[in-house]
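Breakdown of the fold
What follows is the residue order along each chain.
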Amino acid sequence: MPSVIALLEVREARAQEDLDSWLEVLREAEVQAEAARQRLEHARIARAEVALMFAEGVVPIHEGDEVSRAVVAPPVPAPVERPVPARPVLREGYDARPPQWQAGLDAAALCGAYRQVFETTLAASGPVTVQELTRALGRDASRLNEVEKVRHRA
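Residues numbered from 1 in each chain as written. Predicted model: local features only at pLDDT ≥ 70, side-chain atom pairs only at ≥ 80, totals over all residues. Heavy atoms only, no water.

**Focus: the overall build of the protein**
Heads up, the condition is: Helix and strand assignments follow DSSP, with helices taken as H or I runs no shorter than four residues and strands as E runs no shorter than two, numbered in order from the N terminus. For every residue, the accessible area (1.4 Å probe, protein chains only) is compared with the maximum for its type, and the residue is labelled buried under 20%, exposed over 50%, or partly exposed between those bounds. The criterion used for residue contact is that any of the two residues' heavy atoms lie within 4.5 Å. Here the accessible surface of atoms and residues is derived via Shrake-Rupley with a 1.4 Å probe, and residues count as covered only by protein chains that are part of the display.
Of the regular secondary structure elements, the protein holds four helices and two strands. When burial is assessed residue by residue, the protein has 10% of its 154 residues classed as buried. Taking all contacts inside the protein whose residues are at least 6 apart in sequence as the whole, residues at least 24 apart take part in 11%. Within the structure as shown, the protein displays about 13,600 Å² of accessible surface, and the carbon and sulfur contribution to it stands at 57%.

Listed below in structure tokens is the structure:
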């Protein structure tokens, strides 16, 4: 019996050493996590202060030991000139992309298959799966390619 007790005491001592080691690692991780939290908070405060100064149009200028303030107009984005394509962007027979969503748009803003999908979905009495929508549009719902085309337009 004494040898079993001695083995268990050794095992207990090893387990205590492992626990102490992991607790030390945990304490170090907590210290590092707290330092990271402080850095994050300082970065957030600095960003908010700079954004506020730019919003007010006042930016500090350091001259020697004195800090003076200069009034700065907020930056105005330069107008982007988009070249007008000489030919259609999409091949003939393809629907134009739908416009970006805005409040008040209706089905008249859409064209082709986009409008069909929209009107078919509105006419449904409840939620519609893409397969049901594909069949309602007269397409072959067993072909994954057709289903994905409808999913894209939906």
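**Thoughts on the pattern of salt bridges**
Quick note on the threshold: Just to be clear on terms, a salt bridge is a Lys or Arg side-chain nitrogen sitting within 4 Å of an Asp or Glu carboxyl oxygen.
Tallying each qualifying case throughout the model produces five salt bridges. Here Arg27 makes a salt bridge to Glu24, at a shortest N to O gap of 3.1 Å. Of this pair, Arg27 and Glu24 both sit in helix α1 (residues 2-56), separated by three residues, roughly a single helical turn. Here Glu146 ties to Lys149 by a salt bridge, and the two come within 3.5 Å at their closest N and O atoms. Here the residue Glu146 and the residue Lys149 both occupy positions in helix α4 (residues 144-153), the gap between them amounting to three residues, near one helical turn. Of the residues examined, Lys149 reaches a relative accessible area of 34% and is grouped as partly exposed. A single network of salt bridges, built from pairs that share partners, joins Arg139, Glu146 and Lys149.

**What to know about a nonpolar patch on the surface**
Threshold: Patch construction takes residues with relative accessible area above 30% that form no salt bridge. Like charges are linked within 9 Å, and nonpolar side chains (Val, Leu, Ile, Met, Phe, Trp, Tyr) are linked within 5 Å.
A contiguous nonpolar patch, built from Leu19, Leu23 and Leu26 and spanning about 250 Å² of accessible area, is present on the exposed surface. Within the secondary structure layout, Leu26 lies in helix α1.

**A closer look at the packing of helix α2 (residues 112-123) against α4**
Which entries qualify depends on this criterion: Axis definition: a line fitted to C-alpha atoms, over the contacting stretch in the case of helices. Angles run 0 to 180 degrees between N-to-C directions. An angle counts as roughly parallel when it lies under 35 degrees, as roughly antiparallel when it exceeds 145, as roughly perpendicular when it falls between 65 and 115, and as oblique in every other case. Residues are grouped as follows: nonpolar covers Ala, Val, Leu, Ile, Met, Phe, Trp, Tyr, Cys and Pro; charged covers Asp, Glu, Lys and Arg; every other residue, Gly included, is treated as polar.
Across the interface, α2 lies against α4 with an axial gap of 9 Å and an inter-helix angle of 80 degrees. Taken together, the axis directions place α2 and α4 in an arrangement best described as roughly perpendicular. Residue-level inspection shows Ala113, Tyr114 and Val117 of α2 in contact with α4, the latter providing Val150, His152 and Arg153. Across the contact of α2 with α4, the residue classes tally to four nonpolar, one polar and one charged.

**A short note on the side chain of Thr134**
Inspection of the secondary structure assignment puts Thr134 in helix α3 (residues 130-136). Among residues more than four places away in sequence, those in contact with Thr134 are Arg139, Asp140, Ala141, Glu146, Val147 and Val150.

**Quick notes on the confidence of the model for the protein**
As a reminder of what qualifies: A score between 0 and 100, pLDDT records how confident the predictor is in each residue.
For the protein, the mean per-residue pLDDT works out to 76, and 74% of the residues sit at or above 70. Averaged pLDDT values over the elements of the protein bottom out at 52 in strand β2 (residues 66-71) and peak at 89 in α1.

**Brief notes about the environment of Gln131**
Among the secondary structure elements, Gln131 is positioned in helix α3. Sequence-wise, Gln131 and Ser142 are eleven residues apart; in three dimensions their C-alpha atoms are separated by 8.2 Å. Ignoring any residue separated from it by four or fewer positions in sequence, one finds Gln131 in contact with Ala141 and Val147.

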